[in-house]
2 protein chains.
Amino acid sequence: MPPALAVSVDVVLLTLRAGRLCVLVIRRDDPPFGGCWALPGGFVDRDEDLDASALRQLAAETGVTTTGHLEQLRTYGGAHRDPRVRVVSVAYLALLPNLPQPQPQPGRDGPRARWWPVEDLDSTDGPTLAFDHPRIVGDGVERARAKLEYTPLAAAFCEEQFTLADLRRVYEAAWGVALDPPNFRRKVLSTPGFVVPLGQRTSPRGGGRPAELYRRGSAVALHPPLLRRSV
Amino acid sequence: MPPALAVSVDVVLLTLRAGRLCVLVIRRDDPPFGGCWALPGGFVDRDEDLDASALRQLAAETGVTTTGHLEQLRTYGGAHRDPRVRVVSVAYLALLPNLPQPQPQPGRDGPRARWWPVEDLDSTDGPTLAFDHPRIVGDGVERARAKLEYTPLAAAFCEEQFTLADLRRVYEAAWGVALDPPNFRRKVLSTPGFVVPLGQRTSPRGGGRPAELYRRGSAVALHPPLLRRSV
DNA sequence: CCAAAAGTGTTATGTGTACACCCATGA
DNA sequence: TCATGGGTGTACACATAACACTTTTGG
């Protein structure tokens, strides 16, 4: 007979808020790691597929029922990653547009769910994450940053209709660099299936020429990729 | 109480044989899928890390104790992927140089372990793989092919000392394309940390100028990547 | 009018590609 | 000497990067 282990799912849910890449974390009330923040997640049901479990946990803990993108990230199975019992956790990466934001849900003592800019996670005034969740978030952020290069994933951070400037700001926030708008435009438009023009324009927000609107195209990969400069 | 599930590890072990990318499979004697071929793998022990389990299964079933590369591939957790009982399987990808080959181990009725060219897996005269192992092998092969582009992983298919032609043949076998030797050479040598020259030459094998020998460098990523043409 | 944001044009620079050519060895 | 594979040089196509410039809106 095989040893039976607990299997859980944790979700790294990323979005863009005010030009910063943010991750959603949930406040833990009880030990271990009481008062720390943790990723939304929970145990997999006996007859539940992993992907379905990720969506269920997300809806249950944050109210988020649809994501722009959901993919399996990696499985964390260190023998002692949970001090209580052996838990193998399948992590997922989910991306969400700016709006609608999941409303922070009321808790015993302050908001239970909140967004946190990923750059603040390493600093001392950032939140303390429970278990091995710092590593999981780090892996999720790195996966997202890398996938922006060679997939049209950036559009998952945008609403259904978006401008090229919206799309460019995704890259700029995730990579922490400034991209040249003219060159970015040409690059995106010359990649078949990245975006589809809608033939409409935005109403300008406080001055400036109205931008054309686009929706996500059918491409699943960018050829050639949109490479980050450094690394 | 969380439901307890069985957690297993399966390993996609790839190598190059006669210029073809091959995967190691094990013959199943017992049902389900008796007579079919399956990936080496087994259940994770109660206090065993996942990576350690992958190495243990590999050694136990194939005699392979070192790999050029070992990384987690993906976790397969469909509720009915094993007809007997719910099993969540963490798949690993392992790469091995041409030699030393793991010796096929004797079994009840023919060799128990054997290499199979990955191109033959889809054809009708190829082996029938058990469970969802066709998909796992497919994912593993695609991961390996993709990682050749932007990591120095190709060297994991080579022995400790290798020539640039050896390295090039890895790409040619994995991608099924012919690469221009002069351009390949320049590309590899201009990528810092990809390979390190040893200042020695091979004794030529049957005519031709002796080639310079190299060993793996310290780079973990190729910038810029070595892109496949098509896709 | 000016400021701001979107979008177009142009040019320098670099990288990938194709292929001609030279080098060193075995037979 | 030829065949074979290793290694160098070079010219062209193409992609990226930098930035000047035009267009369209609000104030």
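Note that residues are indexed from 1 along each chain, following the sequence as it is written. Lettering of chains starts at A and numbering of ligands starts at 1, both following the order in which they are written. Owing to the predicted nature of the model, reporting of local features is limited to residues with pLDDT of at least 70; listing and counting of side-chain atom pairs is limited to 80 or more, with chain, interface and lining totals taken over all residues. Water and hydrogen atoms were dropped before computing side-chain values, which therefore reflect all heavy atoms in the structure.

K.L.:
Account for the overall build of chain A, with residues named and values stated.
P.N.:
Summing up its helical and strand segments, chain A has four helices and eleven strands in all. Reported as C-alpha extents along the three principal axes, the dimensions of chain A are approximately 60 × 40 × 35 Å. Classification of the 231 residues of chain A by burial places 51% in the buried group. The contact criterion used throughout is that any non-hydrogen atoms of two residues lie within 4.5 Å. Intrachain contacts of chain A at a sequence separation of at least 6 include 66% that bridge at least 24 residues. A run of H or I in DSSP becomes a helix once it reaches four residues, and a run of E becomes a strand once it reaches two; helices and strands are each numbered from the N terminus. For every residue, the accessible area (1.4 Å probe, protein chains only) is compared with the maximum for its type, and the residue is labelled buried under 20%, exposed over 50%, or partly exposed between those bounds.

K.L.:
Explain the relation of the copies chain A and chain B residue by residue, including any values.
P.N.:
Superposition of the copies used a least-squares fit over C-alpha atoms from residues whose pLDDT is at least 70 in both. Note on the identical chains: chain A maps onto chain B by a rotation of 180° and an axial translation of 0.1 Å, with an RMSD of 0.0 Å. What we have between these two chains is a two-fold relation. The overlap is high: 100% of the interface residues of chain A also sit at the interface in chain B, so the same surface is used on both sides.

K.L.:
If you had to explain the packing of helix 2 (residues 133-150) of chain B against helix 3 (residues 164-175) of chain B to someone new, which residues and values would you point to?
P.N.:
Residues and elements named next belong to chain B. For helices, the fitted axis covers only the stretch in contact; all axes are lines through C-alpha atoms, and the angles between them, taken along N-to-C directions, range from 0 to 180 degrees. Look at helix 2 against helix 3: their axes get within 10 Å of each other, and the N-to-C directions meet at 140°. If you check the angle between helix 2 and helix 3, you find them oblique. Considering only the axes of helix 2 and helix 3, their crossing is left-handed. Each of Arg145, Leu148 and Glu149 in helix 2 lies in contact with helix 3, whose residues at this interface are Val170, Tyr171, Ala174 and Trp175. Here the contact of helix 2 with helix 3 is composed, by residue class, of five nonpolar, no polar and two charged. For classification purposes, an angle smaller than 35 degrees is called roughly parallel, one larger than 145 roughly antiparallel, one from 65 to 115 roughly perpendicular, and anything else oblique. Handedness of each helix crossing follows the sense of rotation of the near helix against the far helix: counterclockwise by less than a right angle gives left-handed, clockwise gives right-handed. Residue type decides the class: Asp, Glu, Lys and Arg count as charged, Ala, Val, Leu, Ile, Met, Phe, Trp, Tyr, Cys and Pro as nonpolar, and the leftover types, Gly among them, as polar.

K.L.:
So, the side chain of Thr202 of chain B: which residues are in play, and what are the values?
P.N.:
Within the secondary structure layout, Thr202 of chain B lies in the loop between strand 10 (195-201) and strand 11 (212-216). Non-local contacts of Thr202 of chain B, meaning those with residues more than four positions away in its chain, are made with Thr163, Pro210, Ala211 and Leu213 of chain B.

K.L.:
Explain the protein's contact with DNA strand D to me, and be specific about the residues and the numbers.
P.N.:
Among the 24 residues in the neighbourhood of DNA strand D, the closest are listed as Lys187 of chain A together with Arg185, Gly208, Arg209 and Glu212 of chain B. A cutoff of 4 Å decides nearness: a residue is near a molecule or strand if any of its heavy atoms lies inside that distance of it. Of all DNA strand D atoms lying within 4 Å of any protein atom, the proportion belonging to sugar or phosphate reaches 59%. Within the side chain of Arg186 of chain A, an N or O atom sits 3.3 Å from a base nitrogen of DNA strand D. Looking at the surface near DNA strand D, the elements with two or more residues in it are helix 4 (181-189) of chain A together with helix 3 and helix 4 (181-189) of chain B. Polar contacts, as counted here, are pairs of nitrogen or oxygen atoms within 3.5 Å of one another; within protein the pair requires one atom able to donate a hydrogen and one able to accept it, and residues that are adjacent in sequence qualify only if both atoms are side-chain atoms.

K.L.:
So what's going on with helix 3 (residues 164-175) of chain A? Which residues, and what values?
P.N.:
Residue and element names in this part refer to chain A. Here helix 3 spans 17 Å end to end across twelve residues, near enough to the 16 Å set by a 1.5 Å rise per residue. For helix 3, the full list of buried residues reads Leu164, Leu167, Arg168, Val170, Tyr171, Glu172, Ala173, Ala174 and Trp175. Considering only its buried residues, helix 3 is in contact with strand 1 (4-17), strand 2 (20-27), helix 2 (133-150), helix 4, strand 10 (195-201) and strand 11 (212-216). After helix 3 finishes, the residue Gly176 shows a positive phi value of roughly 70°. A helix's residues, less one, multiplied by 1.5 Å, set its expected span.

K.L.:
Would you mind going over the layout of surface pockets in detail, with residue names and values included?
P.N.:
Each cavity reported here is a set of points on a 1 Å grid over the protein atoms alone in which a 1.4 Å probe fits but cannot get out, each pocket an open set with protein on both sides within 12 Å along at least five of seven lines, and each lining residue one with an atom within 4 Å of a point. Grid points are joined across faces, edges and corners, and a volume is the space filled by probe spheres set on the points. Volume-wise, the largest pocket comes out at about 2000 Å³. Among the secondary structure elements, those contributing two or more residues to the lining of the largest pocket are strand 5 (69-76) and helix 2 of chain A together with strand 5 (69-76) and helix 2 of chain B.

K.L.:
Account for the interface of chain A and chain B, with residues named and values stated.
P.N.:
Contact with chain A, which involves 30 residues of that partner, is made by 31 residues of chain B. A 1.4 Å probe defines the accessible area here, and the buried area is the portion of it lost by two parts on being joined, summed over both. Both sides of the chain A and chain B interface together cover about 2600 Å² of buried area, and 58% of this is carbon and sulfur. Here chain A is connected to chain B by twelve residue pairs in polar contact (both at pLDDT 80 or more). Of all the secondary structure elements, the ones that give two or more residues to the side of chain A that touches chain B are strand 1 and strand 5 of chain A. A pair of strands counts as paired when DSSP detects no fewer than two bridges linking them. Note: strand 1 of chain A against strand 1 (residues 4-17) of chain B, three bridges, orientation antiparallel. Its bridge partner lying in strand 1 of chain B, Leu5 of chain A is registered against Leu5 of chain B.

K.L.:
Tell me about the protein's contact with DNA strand C, residues and numbers included.
P.N.:
Inspection of the region around DNA strand C gives 23 residues, with Arg185, Arg186 and Glu212 of chain A together with Asn183 and Lys187 of chain B positioned closest. Sugar plus phosphate: this is where 60% of the atoms of DNA strand C within 4 Å of the protein reside. In the model, a base nitrogen of DNA strand C is placed 2.7 Å from a nitrogen or oxygen of the Asn183 of chain B side chain. Lys187 of chain B has a polar side-chain atom sitting 2.8 Å from a phosphate oxygen of DNA strand C. For the surface near DNA strand C, the elements supplying multiple residues, two or more each, are helix 3 and helix 4 of chain A together with helix 4 of chain B.

K.L.:
Break down the domain arrangement of chain A for me, with residues and values.
P.N.:
Residue and element names in this part refer to chain A. Domain ranges listed in this record stem from an automatic or a database domain assignment. Assigned domains within chain A: domain 1 (6-149) and domain 2 (160-216). On a C-alpha basis, the centroid separation for the pair domain 1 and domain 2 is 28 Å. Between domain 1 and domain 2, the residue contacts involve eight residues of the former and seven residues of the latter. Both faces combined, the contact of domain 1 with domain 2 buries some 660 Å², and carbon together with sulfur accounts for 64% of it. Its largest share of buried area at the contact with domain 2, domain 1 owes to Leu16, Arg145 and Leu148, together 64% of the area lost on that side. Counted as salt bridges are all cases of a side-chain nitrogen of Lys or Arg within 4 Å of a carboxyl oxygen of Asp or Glu. In this assembly, domain 1 and domain 2 are joined by zero salt bridges. One can count four residue pairs in polar contact (both at pLDDT 80 or more) joining domain 1 with domain 2. Sorting elements by how many residues they give to the side of domain 1 that touches domain 2 places helix 2 first, with three residues. Of the residues contributing to the side of domain 1 that touches domain 2, the split by class is three nonpolar, two polar and three charged.

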